[in-house]
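Notes for the structure review
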Amino acid sequence: MLGNLKGLLVTLSSMLRKPVTYQYPKEHKPIENRYMGFPVLMWDSQISEPYCTGCMVCVRYCPTQCMTAVMKDNPLHAEGVSKRRKIVDSFEINFGRCIVCGICVDVCNFDAIEMSHEHELSKYARNDNRSDLTRLLEMGRKYQEETDWKPKTNAKESEEEASS
Amino acid sequence: MAEKDKAEEAIEPINRLDAKSIALQAMLPGIVSDFKVTINTAFDLVVVAVEPEEIKQICLLLRDNDETAFDYLLLLCVVDYEDYLQVVYHIYSTSLKHTLVVKTNVSPEEPSLESVTPVWKGADWYEREAHDLFGVSFNAHPSLSPLLLYEGFEGFPGRRNYEMPEYKEW
Amino acid sequence: MVDQDINKKLDTVQMMVNMGPQHPSTHGVFRMVLAVDGERIVDVEPHIGYLHRGSEKLCEGEIYVQIVTLFDRLDYLSNLNNEMVFCRAVEKLMELEIPERAEYIRVILCELNRVASHLLFIGTFGLDVGAMTPSMYMFRDREKIQSMFEAVTGARMMHNYIRIGGIKNDVPDDFIHRMKSLIVELKKGLEEADKLLSFNEIFLARTKNIGTMSAKMAIEYGVSGPSLRASGVPIDIRKDHPYSIYDRFDFGIPIGEIGDCWDRYYVRLEEVRQSISIMEQALYQLPDGDTITPTRFLLRPPKGEVYVRGENPRGEIGVYMISDGTDKPYRVKVRPPSFCNLMTIKDLLIDTYVADAVVILGSLDIVLGEVDR
Ligand code: SF4
Ligand code: SF4
């Protein structure tokens, strides 16, 4: 009997507490800074081209093999605007397979890929989350604006090395 | 042959034994003197390689002897070395707190071994799993029905030569 | 005539009841075929494997850094503990030194993970015996831990945070501050659970002397973790074979008396208290310094084999790893604690009532992702 009453007291006392539920679709739980959503590509707004050179390092190390990348010669490099000799031609991540592990971000030498805060990607068809370069960059730009993203400085040298 | 070399060298002793294992290594030969065994070390554990026919007697002996008292089966697993399958028993003593590795080799064609379920009941599902994935059959096991795989599964997916079905992305 | 009818012995027929795989109280996709005689269970046939993903086989085809992500998904309620045991296996083989700070952060997060897992157990166990409230309260508290993980590791469940050689990145600046307030809240939440459930008469009636596991039986089956300690066997890898920096903390090993469902529940509840005390000590001692020993991305540990043991919330997890000197392991085998604990289900269930089956299964606290691997 006593145990029951004790339990009842606990439930009664919690009536006075502030509610903790987030009414999800209307109200979102705030996202932490480090939150790892799906990986997206970053946009270099100074030269207006993606950071990604299509070097395929991330593709090789992705544990689920959910990405593909193709490299091409950078036209802006020929004009002397950009330092990148090669640039990404096409890039695809299948978010349906991505397990959000962050390995691609760790291995990329160019700061080209970043874990965004994107997590609500419900779609009607199974294949609708195959994201191509345009969509990835668009999501990336949204993330850059949101968080005031800056490339890490040490990336500059390795860039020159790898593209030569 | 190259594979075999690789396998053999994998057991090459790097000696990082702690005090308990050293004591165990010293007293083991006296205990298992009736059997044909080789005592080795692997990193920080003592390894006893035994003949497949004698596995159950040795396990019983190791469990019931007061000096060893291995009453707890940590892990039973099968390693496929292509030329032979190695069944590895990690056993532990809850009273004396030392660990021992018992190994035995069986041939990959129709491998069969005496079950250790009478020694440690906990070997039950491990053996069923090994039967599923590696095709090692354990004699005198209560029931070797498939555990992790479904009934009628073809092949032994744990083995290294198992052909993975092609995964097609749509 | 009526009298005769009443006195005639009724014939009973054994009935097969299929419980699971989609059953709310099997905690995943676990199926039992129960042979019941009235309300009494006479035979049990457990079926597992619905979640078999071949993790161990997959490990053979992936490089060491990628395997950490696979270990996350074994026991999806104690991801950090799993990551830690695998990383320790590789580190042991390579004889890597881990920076102090990384060790401390690992321990803090692992204990936090243990608390989260046990809180979930208390909640769902309450549900199993028919108490709705604890599950709500415990989820509320667990949510705070998940937010903490999100702030530190970036993910709520699949962290990939503990890396070979240390941890991914240092904790955020307000970590200690947030942890301290979190611990205060957790303590409060735990007291609530204790008052709500532990000595509630209905709860006691449902769990006392139900599903008793003797120490002998537990050891024979290789049961580990809280379920073993509930039977009165004080075995805890953190104490018996201290790994990482567990030997620097002062904590107790709660043990039960007879190993019934209530003991298994209460041992876990006590363990949360111990974990909280470990966290407090670790936060107090937390040193400054590096967080990772830099290693090559394509690790090639030397040839050899190791067996590493660690204490998961569910029991003793072990990793047996054979390296052949290349960038992929030759064989990885996990000792899954839930797998061994679940093995006892047949012996525990026979001669109990159907309603108790749910309670006994719940008290073992299994995670099917790990049972099936
Ligand atoms: S590693 Fe970086 S630069 Fe290379 S393809 Fe991937 S995202 Fe692009
Ligand atoms: S987050 Fe992981 S799974 Fe996803 S694309 Fe990057 S490496 Fe692949």
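What comes next concerns the included structure. Source: prediction; values computed, not measured.

Moving on: the sheet that holds strand β1 (residues 15–19) of chain C. All names here are of chain C. As summarised here, the arrangement of the three strands in space is β1-β2-β3, forming an open sheet in which the pairing is antiparallel. For this open sheet the edge positions go to β1 and β3 (40–47), each flanked by a neighbour on one side alone. Strand-to-strand, the axes of this sheet are offset by a mean angle of 20°, without reference to chain direction.

Residues and elements named next belong to chain C. An ideal rise of 1.5 Å per residue puts 22 Å on 16 residues; helix α4 (residues 79–94) measures up with 23 Å between its terminal C-alpha atoms. For α4, the buried fraction is high: 14 of the 16 residues fall into the buried class. Just downstream of α4, Glu 95 is the residue with a positive phi angle, here 55°.

What follows is about the environment of Val 40 of chain A. Residues and elements named next belong to chain A. Relative to the helices and strands, Val 40 resides in strand β1 (residues 39–41). The spatial distance from the C-alpha of Val 40 to the C-alpha of Met 15 is 44 Å, given a sequence separation of 25 residues. Beyond its immediate sequence surroundings of up to four residues, Val 40 is in contact with Ala 112, Ile 113, Glu 114, Ser 116, Leu 136, Met 139 and Gly 140.

Turning to the packing of helix α6 (residues 133–153) of chain C against helix α7 (residues 175–198) of chain C, a few remarks are in order. Residues and elements named next belong to chain C. Contact geometry of α6 with α7 gives a least axis separation of 10 Å together with a crossing angle of 165°. In terms of their interaxial angle, α6 and α7 are classed as roughly antiparallel. You can see that α6 and α7 cross each other, and the crossing is left-handed. Packed against α6, whose contacting residues are Thr 133, Pro 134, Tyr 137, Met 138, Arg 140, Asp 141, Lys 144, Ile 145, Ser 147, Met 148, Ala 151 and Val 152, the element α7 presents Phe 175, Arg 178, Met 179, Leu 182, Glu 185, Leu 186, Gly 189, Glu 192, Ala 193, Leu 196 and Leu 197 at the interface. In terms of residue class, the contact of α6 with α7 is built from 14 nonpolar, three polar and six charged.

The subject of this paragraph is the pattern of salt bridges. In this structure the tally under the stated criterion is 43 salt bridges over all chains. The residue Asp 89 of chain A makes a salt bridge to Lys 72 of chain A at a minimum N-O spacing of 3.9 Å. Separated by 17 residues along the polypeptide, Asp 89 of chain A in strand β5 (residues 86–94) and Lys 72 of chain A in strand β4 (residues 67–73) bring together distant segments of the chain. We classify Asp 89 of chain A as partly exposed; its relative accessible area is 39%. Among the residues examined, Lys 72 of chain A registers a relative accessible area of 34% and is labelled partly exposed. As a salt-bridge pair, Asp 347 of chain C and Lys 121 of chain B come within 3.9 Å of each other at their nearest N and O atoms. One end of the pair, Asp 347 of chain C, is in helix α14 (residues 345–349); the other, Lys 121 of chain B, is in the loop between β6 (112–114) and α4 (123–134), on a second chain. Residue Lys 121 of chain B is classed as partly exposed on the basis of its relative accessible area of 33%. Sharing partners across several salt bridges, the network here consists of Glu 111, Arg 114, Arg 229, Asp 236, Arg 238, Glu 271 and Glu 311 of chain C.

About the criteria used
Residues numbered from 1 in each chain as written. Chains lettered and ligands numbered in written order. Predicted model: local features only at pLDDT ≥ 70, side-chain atom pairs only at ≥ 80, totals over all residues. Heavy atoms only, no water. Pairing = 2+ DSSP bridges. Helix = DSSP H or I, 4+ residues; strand = E, 2+ residues; numbered from the N terminus. Axes fitted to C-alpha atoms, helices over the stretch in contact; angles between N-to-C directions. Expected span 1.5 Å × (residues − 1). Buried < 20%, exposed > 50% of the residue type's maximum accessible area, 1.4 Å probe, protein only. Contact = heavy atoms within 4.5 Å. Parallel < 35°, antiparallel > 145°, perpendicular 65-115°, else oblique. Left-handed = near helix turned anticlockwise from the far one by under 90°. Nonpolar A, V, L, I, M, F, W, Y, C, P; charged D, E, K, R; others polar. Salt bridge = Lys/Arg side-chain N within 4 Å of Asp/Glu carboxyl O.

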